[in-house]
Amino acid sequence: MKPRHFTVAITGASGVIYGLKVVEELLRGDSRVSLLVSEAGFAVLRQECGLDLAGTPGEILDGVRSHLGLPGERLSYYDLNDLFAPIASGSAAPDAMLVVPCSMGTLSRISSGNSGNLLERAADVMLKEGRPLVLAPRETPFNAIHLEHMLKLARLGVRIVPAMPGFYHDPETIEDLVDFVAGKVLDAVQVEHTLFRRWGSRP
Ligand SMILES: Cc1cc2nc3c(=O)[nH]c(=O)nc-3n(C[C@H](O)[C@H](O)[C@H](O)COP(=O)(O)O)c2cc1C
């Protein structure tokens, strides 16, 4: 099977570690990843993961590669102002786009079709091309605006996979909880993984 191409967008919701885990897992397989990070996403990466990504797109790409400890030849990074990136066009749309974690701000802009930057445009392209778009919203509690946006998008076929870890797989570490959410995101796009033990399988 041809290697698949995914866009992964990390926004400024808590839980940016989920996005990094999804990127890592896709690269450990044979997928190609186009990575996007919002400005708030960079701030939360600094705050929650101590990962300070700055500089040119090439320097940011190197920073992600060295953080993941992977060569990452199949990893590309695009600035959100780069509306000339291939993923801005339906003619070069990836196989699926994953927004992990998805802030309520980005959720709102995707649900209203606002294509003001590359992340929003890439998501809009997925919707117009009828390709898989997966959002992992993170906020608590949700207000009615958040819920309305999620319902609207779910009715358009967007997979809403909230960053809500389960506890039925006997997690022992924070990593186990992160892996559970990342694994559920990958399940939504049929990427095989062993990030968590499935219900009914032996330990
Ligand atoms: C440490 C930190 C944690 C945050 N956590 C969340 C969150 O869980 N959910 C959310 O919707 N916004 C959260 N925010 C606020 C968003 O970063 C903010 O609304 C931002 O404008 C989102 O921009 P973006 O959608 O372009 O990434 C957080 C901000 C900070 C600094």
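Residues numbered from 1 in each chain as written. Predicted model: local features only at pLDDT ≥ 70, side-chain atom pairs only at ≥ 80, totals over all residues. Heavy atoms only, no water.

Novice: What is the right way to look at the site of the ligand in this model?
Specialist: Lining the immediate surroundings of the ligand are 14 residues, of which G12, S38, S103, T106 and R138 lie closest. A distance of 2.6 Å is found between an oxygen atom of the ligand and a backbone nitrogen or oxygen belonging to G12. The separation between an oxygen atom of the ligand and a polar main-chain atom of M104 is 2.8 Å. Expressed as a share of its isolated accessible area of 640 Å², the protein-covered part of the ligand is 63%. Secondary structure elements with two or more residues in the shell around the ligand: α2 (39–49) and α4 (104–111). Broken down by class, the residue content of the shell around the ligand amounts to 4 nonpolar, 7 polar and 3 charged. (Near = heavy atom within 4 Å. Polar contact = N/O pair within 3.5 Å; in protein donor to acceptor, adjacent residues only side chain to side chain. Areas by Shrake-Rupley, 256 points an atom, 1.4 Å probe, with all protein chains shown as cover. Helix = DSSP H or I, 4+ residues; strand = E, 2+ residues; numbered from the N terminus. Nonpolar A, V, L, I, M, F, W, Y, C, P; charged D, E, K, R; others polar.)

Novice: Can you walk me through unusual backbone geometry in this structure?
Specialist: The peptide bond linking V100 to P101 adopts the cis configuration, its omega dihedral lying at -10°. Note on placement: P101 falls in strand β4 (residues 96–102). Note that the residue after T140, namely P141, is joined by a cis bond; omega there is -5°. With respect to the helices and strands, the residue P141 is situated in the loop between β5 (133–137) and α6 (144–155). Residues other than glycine seldom take positive phi values, yet D170 does so here, at roughly 60°. In this fold, D170 is placed in the loop between β6 (159–160) and α7 (174–187). Phi is positive for Q190, close to 55°, though the residue is something other than glycine. With respect to the element layout, Q190 can be found in the segment after α7.

Novice: Any chance you could explain the pattern of salt bridges here in plain terms?
Specialist: Note that side chains of opposite charge can pair when their charged atoms are close. For the coordinates displayed, the defined rule picks out 10 salt bridges. D52 serves as the salt-bridge partner of R46, at 3.3 Å between the closest nitrogen and oxygen. The salt bridge partner of D187 is R198, with a shortest N-O separation of 2.8 Å. Of this pair, D187 sits in helix α7 while R198 sits in the segment after α7, placing them 11 residues apart in sequence. Residue classification places R198 among the partly exposed positions, given a relative accessible area of 38%. Sharing partners across several salt bridges, the network here consists of K21, E24, R28 and D179. (Salt bridge = Lys/Arg side-chain N within 4 Å of Asp/Glu carboxyl O. Buried < 20%, exposed > 50% of the residue type's maximum accessible area, 1.4 Å probe, protein only.)

Novice: Just checking my understanding: could you explain the packing of helix α1 (residues 16–28) against α2 for this structure?
Specialist: When two helices pack together, their arrangement is given by the angle between the helix axes and by the axis-to-axis distance. Where α1 contacts α2, the two axes come as close as 9 Å, and the packing angle between them is 95°. With respect to α2, the axis of α1 lies roughly perpendicular. Residues V16, I17 and L20 of α1 touch α2, and the partners they reach there are G41, V44, L45, E48 and C49. (Axes fitted to C-alpha atoms, helices over the stretch in contact; angles between N-to-C directions. Parallel < 35°, antiparallel > 145°, perpendicular 65-115°, else oblique. Contact = heavy atoms within 4.5 Å.)

Distances and angles like these do not, on their own, reveal function.
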